[in-house]
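Summary of structural features
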Amino acid sequence: MNLSTTVKKCISRRLPRLLLLVCSVFLLTFHLSAADSLAAQAALSWTAPTTYTDGTPLTTLAGYKVYVGTASGSYSQNIDVGNTTGYTLGNLNDGTTYYFAVTAYDTSGDVSGFSNQATYTTPAAPPSSALYTLSASVGSGGSISPSGATVVSQGASQTFAITPASGYQIAGVTVDGASVGAVPSYTFSNVATNHTIAVAFAVSTSTSNSITSSAVWQNQSFASQNGVFTAGFDMVPNAAGIDAVTMLSGVAAAAYTDGAVIVRFNTTGTIDARNGSAYAAAVSVPYTAGSTYHVRMVVNVPQHVYDVYVTPPGGSEITLATGYSFRPEQATASVLNNLAVYASPGSHTVLNFALAAQAGPPPVPTKGVHNDFDGDGKADIAVFRPSEGKWYIINSATNTTKVVQWGTSGDIPVSGDFDGDGKTDIAVFRPSEGNWYIINSATNTTKVVLWGAPGDIPVPGDYDGDGKTDIAVFRPSEGNWYIMNSASGTTKVVRWGVSGDIPVPGDYDGDGKTDIAVFRPSE
């Protein structure tokens, strides 16, 4: 912004020996905005006097003083600028009115009167841009750049590069708690709030670089999985309108019925997955010949269900299937250890197959001493043998053994003190039915409770603090906890978690009640 003032009146001051005349003072001011990273400035210039007030020539001019203040006629600062006709004042405050004047002096020390007063108000400071923090974190097995906290201005963009270490691969990336797939980089665009990005890596267990389907079954084995695990791979359709499947099985596949977990390029041009006896998809995901589609499967072998996520080229991860059941022929499969591909018509290529670390079984905490089957206040050593449906217990009170037939293959042990007698009751949850089968130790009677559905994870605990174990399940497909309170006989639904989380209930605050909690492996 420019301001100029030309003074046409000459102001003089009579001195005992010599008077100086300062005429035609010219003031030029300008303001640099905050974007230039400089404080406001004012550049002053004036015309040098050539005569005294009596008209005699001025030949001994020595210099000038510049006066500055924030009140008219009152100058808080003066600066001897020497024999020059211009000077720039810096570090002026924004939004402030300044008053300027100049005097001249000769070699004898005689001084003129003040020049005309020039005024200038600096513009108000522009509003500062909002700042936001992008927090990046990684697990072991790789790095993210930049890491830690990165501060950016509102509207800015920031890209994070993700690099696995040797022998590792990217298992998953979550942004603000939501998965975006196993992507090698992620960009926050037009930032308007704080964000988080977290990366999980997994030991690479690639079976080979690639496998291409045909009308003959192709198989590759991998490490046996009998719990909850994640499988990731890339699929490339080699033509449009093909019928090409990628399966996980417990044997080398020779037919479709050998597959438990199946994802398919179908003849209509979309990707789907097998849900029990039919193919389905939560959303329509079209495919294009020659393009690469990353697939992430979260498989729960004990419950015979799985989720499928697909990342199209250049896109974000899409949930294709949640809580889909194994193919009926594999509804009792206890282990998966084979990758199989088949296509007719057409073909496709599967590459970069890898397994993430297998998650252990969720804990089953109870109030007091866990697994105290004889009520002596000590935990008893016990195992449940799914292949036989038998419980083998060593009672600490008598040091005797006890074998109880209770359960079948595929059942999940969920022991707890359901009747509140201080002894742990033998109990199983049957995922295929959603039923809880309990032997009450107080009365030696049995109880069957329908509470759950295929895909649910049993999470018994004393959520209401009445000393009895409550029947409860965590539904990964919804992120909901369904709890049956034994004290009141009422039910409670709490949303806490997302698909892929592992429920870890426990009394974390020591109040005698089981707390709802999840562990998120991807973070």
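Anyway, here's the lowdown on the structure attached to this text. (Residues numbered from 1 in each chain as written. Predicted model: local features only at pLDDT ≥ 70, side-chain atom pairs only at ≥ 80, totals over all residues. Heavy atoms only, no water.)

**Looking at the overall build of the protein**
Heads up, the condition is: A helix here means a DSSP run of H or I that spans at least four residues, while a strand means a run of E at least two residues long, and both kinds are numbered starting from the N terminus. For every residue, the accessible area obtained with a 1.4 Å probe (protein chains only) is divided by the maximum for its type, and the residue is called buried under 20%, exposed over 50%, and partly exposed between those limits. Note on contacts: a residue pair qualifies if any of its non-hydrogen atoms lie within 4.5 Å across the two residues.
When you go through the protein residue by residue, the secondary structure sums to zero helices and 43 strands. Per-residue burial over the protein gives 46% buried out of 523 residues. Sequence-distant contacts in the protein: of pairs separated by 6 or more residues, those separated by 24 or more amount to 53%.

**Section: the sheet that holds strand 39 (residues 471–475)**
What counts, and what does not: Strand pairing requires that DSSP identify at least two bridges connecting the strands.
Taken in spatial order, the four strands make up an open sheet running 38-39-40-41, and their pairing is antiparallel. Each edge of the open sheet carries a strand with a single partner, namely strand 38 (457–458) and strand 41 (491–495). The sheet contact formed by strand 39 and strand 40 (residues 480–484) spans five bridges and is antiparallel. Along strand 40, the bridge assignment pairs Ala-472 with Ile-483.

**Let's talk about the sheet that holds strand 6 (residues 61–69)**
Operational definition: In this analysis an axis means a line fitted to C-alpha atoms, helices contributing only their contacting stretch, and an angle means the value between N-to-C directions, from 0 to 180 degrees.
Across the sheet, four strands lie side by side as 7-6-9-10; this open sheet has antiparallel pairing. Two strands close off the open sheet at either side, each with one partner strand: strand 7 (77–82) and strand 10 (118–121). Ignoring which end each strand starts from, the neighbouring axes of this sheet average 25 degrees apart.

**Let's talk about the pattern of salt bridges**
Oppositely charged side chains are able to pair whenever their charged atoms sit close together. Stated formally: Every case where a carboxyl oxygen of Asp or Glu lies within 4 Å of a side-chain nitrogen of Lys or Arg is listed as a salt bridge.
By the definition in use, this model includes eight salt bridges. For Glu-478, the salt bridge is made with Arg-475, and the minimal N-O distance between the two is 3.7 Å. Taken together, the shared-partner salt bridges in this structure form one network comprising Asp-411, Arg-430 and Glu-433.

**Let's talk about the nonpolar core**
As a reminder, the rule being used: Side-chain atoms within 4.5 Å link the members of a nonpolar core, which is a set of buried Ala, Val, Leu, Ile, Met, Phe, Trp, Tyr and Cys residues.
One finds Leu-248, Val-261, Ile-271, Met-297, Val-299, Val-308 and Leu-336 to be the most contacted residues of the largest nonpolar core, which totals 37 residues. In contact with Ile-271, not counting residues within four places along its chain, are Val-263, Arg-264, Phe-265, Asn-266, Ala-281, Val-285, Tyr-287, Tyr-293, Val-310 and Leu-320. Ala-40, Tyr-52, Val-66 and Val-68 belong to the second-largest nonpolar core, a separate cluster that totals 19 residues.

**Comments concerning the packing of aromatic side chains**
As a reminder, the rule being used: Within 6.5 Å between ring centres, the rings of Phe, Tyr and Trp (the latter by its six-membered ring) count as paired, and their orientation is classed by plane angle as stacked under 30 degrees, edge-to-face over 60, tilted in between. A positively charged side chain is recorded as over a ring if its NZ (Lys) or CZ (Arg) lies within 6 Å of the ring centre. The angle to the ring normal must also be within 35 degrees.
Taken as a whole and assessed by the stated rule, the structure comprises 21 aromatic pairs. Ring centres of Trp-46 and Tyr-64 lie 5.4 Å apart, and the angle between their planes is 65 degrees; this geometry places the pair in the edge-to-face category. Of this pair, Trp-46 sits in the loop between strand 5 (40–45) and strand 6 while Tyr-64 sits in strand 6, placing them 18 residues apart in sequence. Taking the relative accessible area as the measure of exposure, Tyr-64 reaches 0% and is therefore buried. Centroid distance Tyr-186 to Phe-188: 5.1 Å. Interplanar angle 75 degrees. Geometry classified as edge-to-face. Given a relative accessible area of 5%, Phe-188 falls into the buried group. Chaining the aromatic ring pairs together yields one cluster made of Tyr-67, Tyr-75 and Phe-114. Residue placement shows Arg-296 over the ring face of Tyr-309; its charged tip is 4.2 Å from the ring centre.

**Re the side chain of Asp-307**
Put simply, the test is: Counted charges follow a simple rule, with Lys and Arg positive, Asp and Glu negative, and His plus the chain ends left uncounted. Polar contacts here mean pairs of N or O atoms no more than 3.5 Å apart (in protein, one a potential hydrogen donor and the other a potential acceptor; neighbouring residues in sequence count only if both atoms are side-chain atoms).
Mapped onto the elements, Asp-307 comes out in strand 27 (residues 305–311). At 7.4 Å, Arg-296 is the nearest oppositely charged side chain to Asp-307, a buried residue that forms no salt bridge. A distance of 2.6 Å separates a polar atom in the side chain of Asp-307 from the backbone nitrogen of Gly-323. With near-sequence residues (within four places) excluded, Asp-307 lies in contact with Arg-296, Met-297, Val-298, Ala-321, Thr-322, Gly-323 and Ser-499.

**What about the pairing of strand 14 (residues 158–164)?**
As defined by bridge partners, strand 12 (residues 142–145) adjoins strand 14 across four bridges and the pair is classed as antiparallel. From the neighbouring strand, Gly-142 faces strand 14, where its bridge partner is Pro-164. With four bridges joining them, strand 14 and strand 17 (residues 185–188) adopt antiparallel strand pairing. When the bridges of strand 17 are listed, Gln-158 appears paired with Phe-188.

**Regarding the environment of Tyr-99**
Within the secondary structure, Tyr-99 is located in strand 9 (residues 97–106). Considering only alpha carbons, one finds Tyr-99 and Thr-119, 20 residues apart in sequence, at a separation of 4.7 Å. With residues up to four places along the chain from it excluded, the contact list for Tyr-99 reads Tyr-67, Val-68, Gly-69, Thr-70, Ala-71, Ser-72, Tyr-75, Gln-117, Ala-118 and Thr-119.

**Structural notes on the environment of Arg-495**
Relative to the helices and strands, Arg-495 is located in strand 41. The class for Arg-495 is exposed, based on a relative accessible area of 58%. Arg-495 sits 21 residues away from Ile-516 along the chain, and the two C-alpha atoms are 9.8 Å apart. Engagement of the side chain of Arg-495 in a polar contact is seen with the backbone oxygen of Glu-478, the distance being 2.3 Å.

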